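Spelled out from the first residue to the last, the chains are:
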Amino acid sequence: MQSRQQQPRPAEAGPEQFRLLVEAVKDYAIFLLDPEGRVISWNPGAERIKGYTADEIIGQHFSRFYEPDDVAAGLPAELLARAAAEGRYQARGWRVRKDGRRFYAQVTLTALFDSAGDLSGYAKITQDMTAEREAERARRDREYQLAEAQAVARLGSFEWGLASGQVTWSPELCRILGLDPEACHGTLDGLLERIHPDDRAGAAATLRRAATEGTSFRMQARILRPTGEPRVLSCWGNVTRDEQGRPSRVLGVCQDVTDWRQREEELVEAQAQAELSRRLQSGLLPSLSLPDPALELQTRYRPGHERALLGADFFDALELADGTAALLIGDVAGHGPVEAAVGVALRAAWRALVLTGHDAGELLDGLDKVLSRDRQSEELFATVCCCWISPGRDRITVALAGHPPPLLARAGRVEAVEVPSGPALGIYDQPYPWEAGQLEADGPWTLLCYTDGLVEGRSAPGSVDRFGIDALEATVAELLTSTDGLQEMLDRLLDVVHQANGGDLSDDLAILCLSRASGGPGHG
């Protein structure tokens, strides 16, 4: 029987071939140390990485590759000792090139023993990892910056691998969902479980349709945090394809828009409130004029600085068929749409009562009944001042219900009118016998009607005293002689009151001012 032919063994690499291999390596520093740590061989990779030529470094201690602090701490000797004890030691750290520049190195130090087991030296392999370390640091920085940007924008992301069925979520999406980042992975069903039950089916259909058709998607859905707190997410994303063009991954972005949605709702509500306020304000403070050229009518209104809601000061003016001019100014206690609506109702009722010829007592009694019917609280009340100027413009009738008296300027004097004053509207449950007073007003005159915001501010910045009616009389008297016309007088009056108060007033103020320019005949 023929014996099996034995295959020849491959030739073993000799020392020369190994030397050639080491010298051909350029990316690693490969060299030998004697037992004391002196360099006894040096390959081209070592020269490239560390900067020394073989002639410069052979015979030198390998500690010159270490930073001075590491040398002082005994690190080179410690590495030799650990390699000798363990046979091999690996480490990473900063090393120093010949020109002093630092580089980050991966080092493997292997102890070499002879046949008798005695330490004969060390083999050292060093790889320059600076570029890899910088790349890793840059990657971590980008991830951190992305996480920070997502946190600022409340923007999270997820990735759904269609082949594996696994879904991974970004840390910010975990935060939005109220979950620990360690729990932010799983399947699509796990993600969908976080969505509000009423929105879950629609969200699942949207994502699965995008995955099947390979199309982008956009949706809004509510999620429920583990605490039960609902949040609103706006989500959008795209589908990536593999080399065969098949959908492979769904990439999605989710933004927490709960606060935005709330602000939008608040904005819509504020706009509706502003429109309501505009309509109520128009009902309270219309643009007024009287047809009689002998009468100049001016109005002013300033909201109080401290109020955030609609004021309830109001005024009106009419000229009747017989030439009588009727004036109204009033103030409903409080601020807001409820009070403003009551003011609008009082103004409308005043017009109806004036036009139907009711006298002062009947008119105030009718306004009192309207207030009692329309108010939502029994504590709500209103003050009014009603004036009638006779057709001849020489007699003024004034009726007050809890309201400050108007000022009458004539013959160089300014005084608060002295007429009977009854209680504010809404104070008494039983009818009150309001009375009116009459003033003779021959020649030119100016009648200034106002709400209490004009006189209840401070008399001077920092003072606790009110501006008051006496100061108002003196101020109007001075301004009537130092200003050019009714408009400038009223504007200057508001400036004086604001300056005395040290800024904006705490309450609204309204002014209705009527002036008879000359003593010529009127309508009568």
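These lines cover the structure that appears in this document, whether it is placed above or below. Computed from a predicted model, the values in this text were never measured in an experiment. (Residues numbered from 1 in each chain as written. Predicted model: local features only at pLDDT ≥ 70, side-chain atom pairs only at ≥ 80, totals over all residues. Heavy atoms only, no water.)

## Let's talk about empty space enclosed by the protein
- Under the definition given, this model contains one cavity of 30 Å³ or more.
- Approximately 110 Å³ is the volume found for the largest cavity.
- Lining the largest cavity are 13 residues, with Leu191, Ile195, Leu233, Cys235 and Cys254 positioned closest to its centre.
- Sorting the residues of the lining of the largest cavity by element identifies α7 (171-177), β8 (217-224) and β9 (230-241) as the ones contributing at least two each.
- Take the lining of the largest cavity: its biggest share by element is three residues, from β8.
- Along the lines of polarity and charge, the residues of the lining of the largest cavity split into 12 nonpolar, no polar and one charged. (1 Å grid on protein atoms, 1.4 Å probe; cavity = no way out; pocket = protein on both sides within 12 Å on 5 of 7 lines; lining within 4 Å. Points joined across faces, edges and corners; volume = space filled by probe spheres on them. Helix = DSSP H or I, 4+ residues; strand = E, 2+ residues; numbered from the N terminus. Nonpolar A, V, L, I, M, F, W, Y, C, P; charged D, E, K, R; others polar.)

## What to know about the sheet that holds strand β2 (residues 88-96)
- The four strands lie next to each other as β1-β4-β3-β2, forming an open sheet whose pairing is antiparallel. One side of each edge strand has no neighbouring strand; the edge strands of this open sheet are β1 (28-33) and β2. Within this sheet the neighbouring strands show an average axis-to-axis angle of 25°, counted without direction.
- Contacts between helix α5 (residues 75-86) and the sheet are confined to β1, β2, β3 (102-113) and β4 (119-128), with β2 contributing the most and set at about 165° to the helix. (Pairing = 2+ DSSP bridges. Axes fitted to C-alpha atoms, helices over the stretch in contact; angles between N-to-C directions. Contact = heavy atoms within 4.5 Å.)

## Thoughts on the sheet that holds β8
- Within the open sheet, the six strands sit side by side as β7-β6-β5-β10-β9-β8. Their pairing is antiparallel. If you trace the sheet from one side to the other, it starts and ends with β7 (185-187) and β8, each paired once. Averaged over all adjacent pairs, the angle separating strand axes in this sheet is 25°, with direction ignored.
- Pairing between strand β5 (residues 155-161) and strand β10 (residues 247-256): seven bridges, direction antiparallel. Within the sheet, the bridge partner assigned to Ser157 lies in β10 and is Val253.

## Considerations on the packing of helix α11 (residues 337-355) against helix α12 (residues 360-374)
- Where α11 contacts α12, the axes come no closer than 9 Å and their chain directions differ by 150°. As far as their axial angle goes, α12 and α11 are roughly antiparallel. For the element pair α11 and α12, the recorded crossing hand is right-handed. Judged by residue contacts, Val342, Ala345, Leu346, Ala349, Trp350, Leu353 and Val354 of α11 engage Leu363, Gly366, Leu367, Val370, Leu371 and Asp374 from α12.
- When its residues are assigned to classes, the contact of α11 with α12 shows 11 nonpolar, one polar and one charged. (Parallel < 35°, antiparallel > 145°, perpendicular 65-115°, else oblique. Left-handed = near helix turned anticlockwise from the far one by under 90°.)

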